[in-house]
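# Fold and geometry: a report
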Amino acid sequence: THEPRQIETQPATSEVPTAAPAPEPKPTQAVTSIVLLRTRWQATGDVFLASLRRSGRRDARLVASGEVIRVEIGHVAIEMRSSSTPLQPEQIDYALSQAFDWPDAAARIKTHAGHITITTHATDDVTRHETIRHHVQAQLALAEFAPITAVLWPDAGRLIQPGEVQGLLLPGADLTSA
């Protein structure tokens, strides 16, 4: 006689096997500047994001808001930290000594009341030029509503008047000196 064979089966599921998500690219480069403020002032994520979007960065999205504001645009992340205290003189001295094109820089910034540190992180697939371009766009978005006295690029030892930031986005501008 022939006996029927038992076949073991697994219960059917509606889940389709998927590949693990690709890991997020890790930031490998960073650009930092410090925006000096005439008065104590606190940035807000929503206002900063709205300003970035008005300037054409419609793909920007707010990831964190609070003590640290974080906005992401593709493989670029822009972080801002507000401080209600002025920078220490030794943090500005070198840049002031190099401010030949701004003779009254010391007088202008000596009374600044606070500052905002902006750091732009990007992955290796973003060029250095594009990273700095995103960073300058963040400075301009902040300048739309913040009481800015000057912008300090500490790694370059450069101090810039608020009105000069826009010029960094002009075609042919040397972003590597910022």
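In this text the structure is predicted, and so the values were computed from the model without any measurement.

With that settled, the discussion passes to the sheet that holds strand S3 (residues 68-73). A sheet is described by the order of its strands in space; here 7 strands give the open sequence S2-S3-S4-S5-S1-S6-S7, paired in antiparallel fashion. Looking at which strands have only one partner, the edges of the open sheet turn out to be strand S2 (61-64) and strand S7 (158-160). When strand polarity is set aside, the average angle formed by the axes of neighbouring strands in this sheet is 25°. When strand S4 (residues 76-83) meets strand S5 (residues 114-122), the two strands line up antiparallel, connected through 8 bridges. The residue bridging Ser83 from the neighbouring strand is His115, located in S5. Strand contacts of helix H2 (residues 89-97): strand S1 (29-37), strand S6 (148-153) and S7, with the helix running at about 80° to S7, the strand carrying the most contacts.

On to the side chain of Arg57. Position of Arg57 relative to the elements: it lies in the loop between helix H1 (45-54) and S2. Among residues more than four places away in sequence, those in contact with Arg57 are Leu52, Ile73, His134 and Gln137.

Summed over all chains, the structure comprises 6 salt bridges. Residue Glu144 pairs with Arg54 through a salt bridge whose shortest N-O separation is 2.8 Å. A residue pair is termed long-range when its members are at least 10 positions apart, and Glu144 in the loop between helix H4 (128-143) and S6 and Arg54 in helix H1 qualify at 90 residues. If you follow the salt bridges from partner to partner, you end up with Arg61, Arg70, Glu72 and Glu79 in one network.

Rules used in this analysis
- Residues numbered from 1 in each chain as written.
- Predicted model: local features only at pLDDT ≥ 70, side-chain atom pairs only at ≥ 80, totals over all residues.
- Heavy atoms only, no water.
- Pairing = 2+ DSSP bridges.
- Helix = DSSP H or I, 4+ residues; strand = E, 2+ residues; numbered from the N terminus.
- Axes fitted to C-alpha atoms, helices over the stretch in contact; angles between N-to-C directions.
- Contact = heavy atoms within 4.5 Å.
- Salt bridge = Lys/Arg side-chain N within 4 Å of Asp/Glu carboxyl O.

Interpretation note: all reported values are geometric properties and have no functional meaning in isolation.
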